[in-house]
Amino acid sequence: MCHTASKVKENIMEEIKKSEEVLAEVHRNCQLALQSISDILPEVDDTAVKEELLRQHEEYERIGSKAAILAKDKNVELKNPGPIKKAMMWTSIKVNTMKDDSRAHIAEMMAQGTVMGITALKTSIGQMSEQYADREIKDLAEELLHTEEGFEKNWKSLIAETAYKTKHPRPF
């Protein structure tokens, strides 16, 4: 009996740790997205792209705030991306937009970053068990996942719309 109770307690502790790792991934994902958006906004002239970036920034702020509150409530320490990671992102964005700051290219860059976030979230969520996972953390991770999937669709729509307009210009 003691061995079984010990094993259950071990499983629960492992799942608590996995849940905390998922919460850290939600926070990291939001922080990287917020940083990317802040880095790319000054390079954007296109009104529709700028509006979409600002809308997404608000959503990442909202979900990131929820993650911070959950972390505080659950006594989980969240770490922000380090200065080297931020510098690498800033450099990549500046170099990429220097080469091409078109609507389609910026949408492509944002879609790629969003897909990376979706992949990381799906991996993290997939490692949680149904039985012992922290429901609040899992719900927040799934909320961010669905939000990012919507963002990906928006970026891909902008890419497709731009490609269509390029192939079918309006007559004067």
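Everything discussed here concerns the structure shown above.
Residues numbered from 1 in each chain as written. Predicted model: local features only at pLDDT ≥ 70, side-chain atom pairs only at ≥ 80, totals over all residues. Heavy atoms only, no water.

### Digging into the packing of helix H3 (residues 83–99) against helix H4 (residues 103–126)
Link 1 in the chain: Where H3 meets H4, the closest approach of the two axes is 10 Å, and the angle between their N-to-C directions is 155°. Here H3 lies roughly antiparallel to H4, going by the angle between them. Helix-helix and strand crossings are classified by hand; for H3 and H4 the assignment is right-handed. Where H3 abuts H4, its residues Ile93, Asn96 and Thr97 lie against His105, Ile106 and Met109.
Link 2 in the chain: Here the residues of the contact of H3 with H4 sort into three nonpolar, three polar and no charged. (Axes fitted to C-alpha atoms, helices over the stretch in contact; angles between N-to-C directions. Helix = DSSP H or I, 4+ residues; strand = E, 2+ residues; numbered from the N terminus. Parallel < 35°, antiparallel > 145°, perpendicular 65-115°, else oblique. Left-handed = near helix turned anticlockwise from the far one by under 90°. Contact = heavy atoms within 4.5 Å. Nonpolar A, V, L, I, M, F, W, Y, C, P; charged D, E, K, R; others polar.)

### Some words on the side chain of asparagine 29
Link 1 in the chain: Positionally, asparagine 29 belongs in helix H1 (residues 2–40).
Link 2 in the chain: The buried category is assigned to asparagine 29, whose relative accessible area is 5%.
Link 3 in the chain: A polar contact of 3.3 Å, which involves the side chain of asparagine 29, links it to the side chain of glutamate 148.
Link 4 in the chain: Asparagine 29 has contacts with Tyr60, Gly117, Leu121, Leu144 and Glu148, leaving out every residue within four places of it along the chain. (Buried < 20%, exposed > 50% of the residue type's maximum accessible area, 1.4 Å probe, protein only. Polar contact = N/O pair within 3.5 Å; in protein donor to acceptor, adjacent residues only side chain to side chain.)

### Here's the deal with H3
Link 1 in the chain: Taking 1.5 Å of rise per residue, the 17 residues of H3 would be expected to cover 24 Å, and the 24 Å separating its terminal C-alpha atoms lies within 8% of that figure.
Link 2 in the chain: Residues of H3 that are buried: Met89, Ile93, Lys94 and Thr97. Axial view of H3: buried residues confined to an arc of 125°, hence all on one face. For H3, the exposed residues lying more than 90 degrees away from the buried face are Ile84, Met88, Met98 and Lys99. (Expected span 1.5 Å × (residues − 1). Arc of directions from axis to C-beta.)

### Remarks on the environment of asparagine 11
Link 1 in the chain: Along the chain, asparagine 11 falls in helix H1.
Link 2 in the chain: Relative accessible area serves as the criterion here: at 30%, asparagine 11 is assigned to the partly exposed category.
Link 3 in the chain: C-alpha separation for the pair asparagine 11 and serine 129, spaced 118 residues apart in sequence, amounts to 9.9 Å.

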